[in-house]
Amino acid sequence: MPKLKTVPVAPAKTLAAPLKLDTIHIGECIEVLKSLPDASVDLVFADPPYNLQLGGDLLRPDNSKVDAVDDEWDQFASFEVYDKFTREWMRECRRVLKDDGAMWVIGSYHNIFRLGVAMQDLGFWVMNDVIWRKANPMPNFKGTRFTNAHETLIWATKAKGQKRYTFNYDALKAFNEDTQMRSDWLISLCTGDERLKDENGNKAHPTQKPESLLYRVLLACSKPGQVVLDPFFGTGTTGAAAKRLGRHFIGIERDETYARHARERIAKVIPTTAENLNVVGSKKAEPRIPFGSLVEAGLLQPGDMLYTPKGDKTAKIRADGSLVYGDLSGSIHKMGAMMEQSPACNGWTYWRFKTDAGLKPIDDLRARIRGDMN
């Protein structure tokens, strides 16, 4: 009887638990992250420990003590230990991100440069750094340094060359009164009624972020119904902004007291109705309409003339959607560039057609076709 060959059996792979939405997981962030499925979240917002390395109490001029961040969760034995921790949680975040996902991190000068290096080393691709300029920063009581009036956020896609990612450019422009959104944001610290307090009237969390900051991040880089992960959930600013904007959240928090405050806070949030969550759409996301479609639909006819912006020159439309000017012919973009002796031209906004009310951009006709499609 032939001897049977023994084949080693690989150990069974532990399957990640199903994704639970709008949930706060209690535990160490790295361990909880390992339990989440691959490619399951659309966006990560992380506000990790600052590793402030405080050398003693911070006092005001009247000798009163400043309520600084001296909690155990912000203390690491060395930069090496902090860097190892950073790379481990970032590696897991990158794993659970979808291929078109992105991550935002926030930090002060104590840690943001170390966070940035780790992100790049792990394969994230930095899109922008954003300065949160605090409208009401804490003064520098000792008078030995500049007042720390800002924190830095880094926005990065999952990988270099990632062509698909969410950036609601036009919505942000509308939000900013039709002005392109800049990378410096003037937003006040979390104060007043927004600041959560414990039973003794003390801050529930030393570094609670203003909800307006998270509102802007989520408005910029997520869509209604998408999933936002916050591995350092604290008292739930990310969850509150997510619920308000119709996003789902997953929070990870090691401190049950913080998590309790977060649950109570989020339960009070009234979500925006679905009809009011729509934002100004990006033209890049709209269906591509070739100029020939206008001719095909009968909005323009072969032989019709198009006009330059000043109306002093004309080009004739051909049946295939190309234009003719003298001995020159080509697309609306190519012919516009030739007319202006420019390397490039947006033919849609350059060329005009004649109406009873005067010359109008041919882009108006494209908008009509898109409206019919929608």
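Refer to the preceding data block for the structure.
Since the model is a prediction, treat every value here as computed from it, not as a measurement.

J.: Explanation requested: the nonpolar core in the structure shown.
T.: Nonpolar side chains tend to gather and get buried jointly when the protein is soluble and globular. Counting residues in each nonpolar core, the largest one holds 31 residues, and the members touching the most others are W89, M90, M103, V105 and L229. Within the residue set of this core, elements represented by two or more residues are α1 (29-34), β2 (41-46), α2 (79-96), β3 (97-107), α3 (112-121), β5 (150-157), β7 (227-230) and β8 (248-253). Per-element tally for this core: the top contributor is α2, with six residues. Beyond its immediate sequence surroundings of up to four residues, M90 is in contact with M103, V105, L115, A118, M119, L122 and F124. Residues L153, W155, A262 and I266 belong to the second largest nonpolar core, which totals 30 residues.

J.: Which parts of the structure should I look at to understand the packing of helix α6 (residues 237-244) against helix α7 (residues 256-267)?
T.: Packed helices, taken two at a time, are described by the angle between their axes plus the distance between the axes. Relative orientation of the contacting elements α6 and α7 amounts to 20 degrees, with a least axis distance of 9 Å. Judged by the angle between their axes, α6 and α7 are roughly parallel. Crossing of α6 against α7: the hand is right-handed. Facing T237, G239, A240 and K243 of α6, the residues of α7 in contact are R265, I266 and A267. Per-class residue counts for the contact of α6 with α7 are three nonpolar, two polar and two charged.

J.: Looking at this model, I keep getting lost on the environment of W89. Mind explaining?
T.: Within the secondary structure layout, W89 lies in helix α2. Sequence separation between W89 and V32 is 57 residues; the distance between their C-alpha atoms is 9.9 Å. With sequence-adjacent residues up to four places away left out, W89 is seen in contact with C29, I30, L33, A46, P48, M103, V105, L115, P231 and F232.

J.: Looking at this model, I keep getting lost on the packing of helix α5 (residues 211-221) against α6. Mind explaining?
T.: One can describe the packing of α5 onto α6 by two numbers: an axis separation of 9 Å at closest approach and a directional angle of 55 degrees. When the interaxial angle is binned, α5 and α6 end up oblique. The interaxial crossing formed by α5 with α6 has right-handed handedness. Along its contact with α5, which presents E211, L214, Y215 and L218, the element α6 presents T237, T238, A240, A241, A242 and R244. In terms of residue class, the contact of α5 with α6 is built from six nonpolar, two polar and two charged.

J.: What's the story with helix α11 (residues 363-373) in this structure? I'm lost.
T.: An α-helical turn contains 3.6 residues, so a residue and the one three or four places further along point in the same direction. Considered for burial, the residues of α11 that qualify are D363, L365, R366, I369 and R370. Considered in projection along α11, the buried side chains sweep an arc of 155 degrees and stay on one side of the axis. Each element contacted by the buried residues of α11 is listed here: α8 (292-296), α10 (347-350), β13 (352-355) and β14 (358-361).

J.: What is the right way to look at the packing of aromatic side chains in this model?
T.: Any aromatic ring pair is given by two values, namely how distant the centres are and how the planes are angled relative to each other. All told, the structure shown has twelve aromatic pairs when counted by the stated rule. Summarising the aromatic geometry, the rings of F76 and Y82 are spaced 5.0 Å apart at their centres and angled 85 degrees between planes, so their arrangement reads as edge-to-face. Here F76 matches Y82 in class, with each residue buried. Ring plane angle 15 degrees and centroid distance 5.5 Å describe the contact between F233 and F249, whose orientation is recorded as stacked. Here F233 is found in the loop between β7 and α6, whereas its partner F249 is found in strand β8, with 16 residues between them in sequence. Judged on exposure class, the residue F233 and its partner F249 are both buried. Through successive ring pairs, a cluster of aromatic residues spans W104, W155, Y165, F167, Y169 and W185.

J.: Would you mind showing me how to read a nonpolar patch on the surface here?
T.: A cluster of nonpolar side chains, namely Y325, L328 and M338, defines an oily patch on the protein surface of about 240 Å² accessible area. Turning to its location among the elements, L328 is positioned in strand β12 (residues 328-330). Among the residues examined, L328 registers a relative accessible area of 40% and is labelled partly exposed.

Definitions and cut-offs
- Sequence order sets the numbering: in each chain, residues are counted from 1 along the sequence as written.
- Where local features are concerned, this predicted model is filtered to residues with pLDDT of at least 70; where side-chain atom pairs are given and counted, the filter is 80 or more; whole-chain, interface and lining totals use all residues.
- Neither water nor hydrogens contribute to the side-chain values; these are computed over all heavy atoms in the structure.
- Joining through side-chain atoms within 4.5 Å is the link that ties buried Ala, Val, Leu, Ile, Met, Phe, Trp, Tyr and Cys residues into a set, and such a set is a nonpolar core.
- Here the term buried applies to any residue with accessible area under 20% of the maximum for its type, exposed to any over 50%, and partly exposed to those in between, with areas from a 1.4 Å probe on protein chains only.
- Labels follow the DSSP assignment, with helices taken as runs of H or I lasting at least four residues and strands as runs of E lasting at least two, numbered in each case from the N terminus.
- The contact rule is simple, with two residues in contact once any of their heavy atoms fall within 4.5 Å.
- Only the stretch in contact is used when a helix axis is fitted, and all axes are lines through C-alpha atoms; the angle between N-to-C directions ranges over 0 to 180 degrees.
- Any angle from 65 to 115 degrees is called roughly perpendicular, while one under 35 is roughly parallel, one over 145 is roughly antiparallel, and all others are oblique.
- Should the near helix be turned counterclockwise from the far one by less than a right angle, the crossing is left-handed, whereas a clockwise turn marks it as right-handed.
- Each residue gets one of three labels, nonpolar for Ala, Val, Leu, Ile, Met, Phe, Trp, Tyr, Cys and Pro, charged for Asp, Glu, Lys and Arg, and polar for the others, Gly among them.
- What the arc measures is the spread of directions leading from the helix axis to the C-beta atoms.
- Side-chain rings of Phe, Tyr and Trp, where Trp is taken by its six-membered ring, are said to pair if the distance between their centres is within 6.5 Å; with planes under 30 degrees apart they count as stacked, over 60 as edge-to-face, and otherwise as tilted.
- Here the term patch refers to residues with relative accessible area over 30% and no salt bridge, with like charges joined within 9 Å and nonpolar side chains (Val, Leu, Ile, Met, Phe, Trp, Tyr) within 5 Å.
- The Shrake-Rupley method, run with a 1.4 Å probe, gives the accessible areas here. Residue values count only the displayed protein chains as cover.
- Each reported salt bridge corresponds to a side-chain nitrogen of Lys or Arg within 4 Å of a carboxyl oxygen of Asp or Glu.

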